[in-house]
Amino acid sequence: MTNAPILKLDHLGVTFPNNPVFSDLNLTIRQGEVWSIIGKNGVGKTTLMRTLLHQLRPTQGKVTYLPSVNDVRIGYVPQFRNIDADYPLTIRDFIGLNLTGWKLPWLSAKERAKVQRIIEQTGLTKLANRPIGQASGGEKQKAYLAQALVEAPNLLILDESTASLDPVTKTELLDLVTELNQRLNLTVLFVTHDIPMAQKYTHQYLMMTPGKVEQGPIAQLTHDKVWEGENV
Amino acid sequence: MFSYEFMRNAFAAGTIIAVICGIMGVFVIARNMSFLTHTLSEIGFSGAAFGVFAGWAPLNGMLLFTVVSSVIVGQLSARSERREAATSAISALFIGMGILFLSLANKNASYATSILFGSVIGISVSDVRQMLWLSLVVLLVVFVLYRFLKFDSFDHTGARVKGLWTNALSITFLVLVALSVSVAAQIVGSLLIFILLTLPAATAKYFAHTVGGMMVLAIALALIGVWSGLTLSYLTNYPVSFFIAAIEAIFYFVALGWQRLQTAE
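Only a predicted model underlies this, so the values are computations on that prediction, with no experimental measurement involved.

Here we look at helix α4 (residues 137-149) of chain A
For step 1, the next point in the chain: Under the 1.5 Å per step criterion, the end-to-end length of α4 of chain A is 18 Å for 13 residues, consistent within 8% with the ideal 18 Å.
For step 2, the next point in the chain: Burial within α4 of chain A is extensive, with eleven of its 13 residues counted as buried.
For step 3, the next point in the chain: At its buried positions, α4 of chain A is contacted by β5 (74-77), α2 (91-96), α3 (109-121), β6 (155-159) and α5 (167-184) of chain A together with α6 (125-154) of chain B.

As for the pairing of strand β8 (residues 204-209) of chain A
Residues and elements named next belong to chain A.
For step 1, the next point in the chain: The buried fraction of β8 is high, at six of six residues.
For step 2, the next point in the chain: Residues of β8 alternate between two faces, with Gln 204, Leu 206 and Met 208 on one and Tyr 205, Met 207 and Thr 209 on the opposite face, all of them buried.
For step 3, the next point in the chain: The sheet contact formed by strand β3 (residues 34-38) and β8 spans four bridges and is parallel. Counted as the bridge partner of Ile 38 is Met 207 from β8.
For step 4, the next point in the chain: Hairpin geometry of β8 and strand β9 (residues 212-217) is characterised by an intervening segment of two residues between the two adjacent antiparallel strands and by a positive phi of about 80° at Gly 211.

Here we look at the environment of His 203 of chain A
All names here are of chain A.
For step 1, the next point in the chain: Following the sequence through the fold, His 203 ends up in the loop between α6 (195-201) and β8.
For step 2, the next point in the chain: Separated by 168 residues in the primary sequence, His 203 and Trp 35 have C-alpha atoms spaced 5.9 Å apart.
For step 3, the next point in the chain: Not counting residues within four places of it along the chain, the set of residues in contact with His 203 comprises Gly 32, Glu 33, Val 34, Asn 181, Pro 217 and Ile 218.

A look at the pattern of salt bridges
For step 1, the next point in the chain: In the structure shown here, the tally under the stated rule is eleven salt bridges over all chains.
For step 2, the next point in the chain: Linking Lys 150 of chain B and Asp 93 of chain A is a salt bridge whose minimum nitrogen-to-oxygen distance equals 3.8 Å. Taken together, the residues Lys 150 of chain B in helix α6 and Asp 93 of chain A in helix α2 connect one chain to another.
For step 3, the next point in the chain: Of the residues examined, Lys 150 of chain B reaches a relative accessible area of 13% and is grouped as buried.
For step 4, the next point in the chain: Of the charged contacts in the structure, one is a salt bridge between Glu 151 of chain A and Lys 162 of chain B, with a shortest N-O distance of 2.5 Å. Remark: Lys 162 of chain B occurs in helix α7 (residues 156-162) and Glu 151 of chain A occurs in the loop between α4 and β6; the pair is interchain, linking two chains.
For step 5, the next point in the chain: Several salt bridges share partner residues, and in doing so they unite Lys 103 and Glu 111 of chain A together with Arg 147 of chain B into one network.

Here's the deal with the interface of chain A and chain B
For step 1, the next point in the chain: Taken together, the contact between chain A and chain B spans 31 residues of the former and 27 residues of the latter.
For step 2, the next point in the chain: The interface formed by chain A and chain B holds five salt bridges in total.
For step 3, the next point in the chain: Glu 111 of chain A is the salt-bridge partner of Arg 147 of chain B, the closest N and O atoms lying 2.8 Å from each other.
For step 4, the next point in the chain: Linking chain A to chain B there are 13 residue pairs in polar contact (both at pLDDT 80 or more).
For step 5, the next point in the chain: Looking at the side of chain A that touches chain B residue by residue, the class counts come to 15 nonpolar, eight polar and eight charged.

Reading the values: the criteria
Residues numbered from 1 in each chain as written. Chains lettered and ligands numbered in written order. Predicted model: local features only at pLDDT ≥ 70, side-chain atom pairs only at ≥ 80, totals over all residues. Heavy atoms only, no water. Helix = DSSP H or I, 4+ residues; strand = E, 2+ residues; numbered from the N terminus. Expected span 1.5 Å × (residues − 1). Buried < 20%, exposed > 50% of the residue type's maximum accessible area, 1.4 Å probe, protein only. Contact = heavy atoms within 4.5 Å. Pairing = 2+ DSSP bridges. Salt bridge = Lys/Arg side-chain N within 4 Å of Asp/Glu carboxyl O. Polar contact = N/O pair within 3.5 Å; in protein donor to acceptor, adjacent residues only side chain to side chain. Nonpolar A, V, L, I, M, F, W, Y, C, P; charged D, E, K, R; others polar.

Pasting the structure below:
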């Protein structure tokens, strides 16, 4: 059975003054799919993600969220966060930051239970009370993932989240994302330069090159395609 | 000491200031805005001088200048790479204006000194009442916006991705700092306000385990500094701002030493 589409890009393009970033991008992403977004630095991967996150307006074409914009809840996991190592912000506190709204300053019992559930799901139980600034790179990435998950997204964007991790930690994190994808039917966009990881963990690829965008099942992403013109 | 009305007023005002500065200071430190706070205090001096020139109460001049300028500073320093330079330019301009207004008002250096360094003797009951109302406004806004402010201050990237209106939050926060500066200037003076808005929170971050804990500890440290400063000033007749500055700085250096020991272990 084919899952319903949740995101459709029609002739999408973004141009900064005198600098076309990408144009004529057509893409349909369905619930539960795992996409890798690849391409070398400067081709517009981050610009595309910022457009999906409503931070940039496309200069051509459109993004359609299906069935409606409110039905697509996006969780975003970046590579870095600028958090002072000395802040007394525990991983538990950090995850709870994403629970906003016009509410009382402190979390309700229901919200605390929600944070605890995510902590358990992401394997952060033993680290929950450690200041996030003192956590290792892998632990921080797990905390960023947990923060993104606390609002129950159905589309998760991993924006080079594994770039600075060692191979074991990288595998651990992507195993966790795969498990979430299978259990929650979570759609995942994995922005990466790591082709072996993309081949192992994603279903489809979108390769962005200057002036050209290519997509297809990940099995069709061959060595020749990647290295032709040094595309990653 | 408490048989004098001015000392009772000073302690009441000092307590209000310590609470406000302890709470706001946590956000000032998390947002790396110590320098900007210093600039707002200089603008406060200029505003007070303008108030004197215009025949108003200095607090009203301060409120006008700090609130208006906090919006301008917020806009000009929205991009972090030009924040330092923009803040320095505004700071220089306002100090110059402050001196000009004092000169136009035909006030002498001792008047400037009392604006810059504060005065315990001049605090009346109506001043305390006015400070209390302003502080309640600040506390109410912080209470309502607490989750947004906390998210944006401690994880700006996350707040932006979430779609929070971070620019509006930043300007709102600066206006709150402007109000706090105007309140706190009554005792410690405009030049030393940033001490209470930065050092207690900067010290507290080394000892607290949660943001809430940091806030409570910052309030406690500010209270110790203000109460001890007022007492020592009463006993020795030296300026209260010197004692407050010295006590808070000692706390901060002890915290730095403690942190170093912890890291070395």
